[in-house]
Amino acid sequence: MPIIAIRIMKKHSVLILGAQSDIAKSIAKKFGENNYNLVLAAKNIDELKIQSIDLKVRYNIVVDIYEFDVLKNENYEKFIKNLKEVPSIVICAIGFMGEQKENERNSDLRTKVLRTNYEGPINIISELANIYENQGYGTIVGISSVAGDRGRSSNYIYGSAKAGFTTFLSGLRNRLAKKNVHVLTVLPGTVYTKMTLGLKLPKIFTSYPDKVASDIFKSIMKKKNIIYTMGIWRLIMMIIKLIPERIFKKLKL
Ligand SMILES: NC(=O)c1ccc[n+]([C@@H]2O[C@H](COP(=O)([O-])OP(=O)(O)OC[C@H]3O[C@@H](n4cnc5c(N)ncnc54)[C@H](OP(=O)(O)O)[C@@H]3O)[C@@H](O)[C@H]2O)c1
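Residues numbered from 1 in each chain as written. Predicted model: local features only at pLDDT ≥ 70, side-chain atom pairs only at ≥ 80, totals over all residues.

Participant: Please explain the site of the ligand as it appears in this structure.
Facilitator: Close contacts around the ligand come from 26 residues, with Ser21, Gly95, Ser145, Thr193 and Met195 the closest. Looking at the shell around the ligand, the elements with two or more residues in it are helix H1 (22–33) and strand E7 (190–191). A class-by-class count of the residues in the shell around the ligand yields 12 nonpolar, 10 polar and 4 charged. (Near = placed C-beta within 6 Å. Helix = DSSP H or I, 4+ residues; strand = E, 2+ residues; numbered from the N terminus. Nonpolar A, V, L, I, M, F, W, Y, C, P; charged D, E, K, R; others polar.)

Participant: Before we go on, may I ask you to explain the environment of Ile91 in this structure?
Facilitator: Summarising the element assignment, Ile91 is placed in strand E4 (residues 89–92). For the pair Ile91 and Leu17, spaced 74 residues apart in the sequence, the C-alpha separation amounts to 6.1 Å. Those residues in contact with Ile91 that sit more than four places away from it in its chain are Val14, Ile16, Leu17, Ile27 and Val141. (Contact = placed C-beta atoms within 7 Å.)

Participant: Help me understand the nonpolar core, please; the structure alone is not making it clear to me.
Facilitator: Nonpolar side chains in soluble globular proteins tend to be buried together. Residues Ile16, Leu17, Leu38 and Leu40 are the most contacted members of the largest nonpolar core, which totals 63 residues. Counting residues per element, this core draws most heavily on helix H5 (residues 107–135), at 8 residues. Filtering out sequence-adjacent residues up to four positions away, Leu38 remains in contact with Ser13, Val14, Ile16, Ala28, Phe31, Gly32, Leu55, Ile61 and Val63. (Core = buried A, V, L, I, M, F, W, Y, C linked by C-beta atoms within 7 Å. Buried ≥ 20, exposed ≤ 12 C-beta atoms within 10 Å, placed from the backbone.)

Participant: Which parts of the structure should I look at to understand the sheet that holds E4?
Facilitator: Each strand in a sheet pairs with its neighbour through backbone hydrogen bonds, running either in the same direction (parallel) or in the opposite one (antiparallel). If you trace the 7 strands from one edge of the open sheet to the other, you get E3-E2-E1-E4-E5-E6-E9, paired in parallel fashion. Looking at the sheet topology across the chains shown, the edges are occupied by strand E3 (63–67) and strand E9 (226–229). When the angles between neighbouring strand axes are averaged without regard to direction, this sheet yields 15 degrees. Across 6 bridges, the pairing between strand E5 (residues 138–143) and strand E6 (residues 181–188) is parallel. Bridging from a neighbouring strand, Gly138 pairs with Val181 of E6. Here helix H7 (residues 209–221) sits on the sheet and contacts E4, E5, E6 and E9; the angle it forms with E9, its principal contact strand, is near 160 degrees. (Pairing = 2+ DSSP bridges. Axes fitted to C-alpha atoms, helices over the stretch in contact; angles between N-to-C directions.)

Participant: Even after reading the chapter, I still don't get the pairing of E4, so can you show me in this structure?
Facilitator: Side-chain direction in a regular strand flips from residue to residue, so the side chains alternate between the two faces of the sheet. Across the two faces of E4 the burial is the same, with Ile89 and Ile91 and Val90 and Cys92 all buried. As paired strands, strand E1 (residues 13–17) and E4 are joined by 4 bridges and run parallel to one another. Looking across to E4, one finds that Leu17 is bridged to Cys92.

Participant: Before we go on, may I ask you to explain unusual backbone geometry in this structure?
Facilitator: Excluding glycine, most residues fall at negative phi; most peptide bonds, likewise, are trans. Residue Met230 follows Thr229 across a cis peptide bond; omega there is 0 degrees. Tracing the sequence through the fold places Met230 in the loop between E9 and helix H8 (232–242). For Asn60, which is not glycine, the phi torsion reads 55 degrees and is therefore positive. Looking at the element boundaries, Asn60 is found in the loop between helix H2 (45–59) and E3. Looking at Asn60, the number of C-beta atoms within 10 Å reads 9, which means it is exposed.

In structure tokens:
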């Protein structure tokens with residue numbers, strides 16, 4: 001009687017930080033439909049429970065959920081320790097934009113914007129990066145923003161935090177490239193999500209979370225370094241960056 005060897009393939013898994021973000025929800029679906037198990041981390045565990053049931057039923061995958069607040073760095077160690085295993089891909093979708101005028105006047109809000117987009121993501125990603133470096137593999141995806149490419153009066157507080165995050169990801173990539181750890185910087189233009197709800201967005205240049213998720217998935221597979229999504233934003237930001245400062249400072253942007 002022939003011996004049939006059954007190899008049970010272990011599914012890959014992905015950790016999504018800020019899993020309740022609209023873009024992150026699309027990312028979770030994209031990975032689910034591609035047969036990845038999911039580890040979702042977000043502030044509100046009750047909402048995560050509902051999201052995880054839907055994903056399990058839809059894609060027949062394992063979905064683990066964890067409460068996670070990026071501003072509570074005293075809890076990072078416990079959070080990482082509690083993971084059943086550290087997934088080899090981490091995607092950070094955490095962000096908070098606030099309202100520029102309020103951010104200019106209210107130091108608590110300003111601090112929240114800076115810590116949520118810069119300090120927090122950098123701290124938790126650094127912890128995971130050390131693990132990936134030691135094990136010799138892993139993928140780190142940071143969702144930054146085109147807002148970090150040049151400071152504009154309409155959103156420079158959020159933008160400056162994203163600029164710092166983009167620079168961090170660049171340095172991390174430079175450090176870990178030789179350690180077989182892939183770092184992907186994602187620079188979305190405008191995207192229809194709850195973050196931009198109520199804002200007047202340029203229709204032809206504004207994307208949807210599903211498109212961003214699909215671009216991120218493809219870019220991880222192709223081991224890309226930096227992506228603009230939509231691609232047209234690369235050109236837009238190139239032009240914006242080329243405008244001389246003496247002209248730029250007078251523009252209403
Ligand atoms: N939408 C755009 O046009 C656009 C453009 C460029 C870049 N981005 C970036 O894309 C990423 C995803 O944003 P989005 O558009 O999908 O907006 P979103 O739905 O508002 O997502 C932001 C997520 O960050 C989470 N978050 C905020 N503070 C947190 C904290 N202290 N700890 C843990 N999670 C926290 C929020 O949690 P709650 O759901 O619990 O509030 C929310 O789920 C962000 O990094 C954003 O800056 C967005």
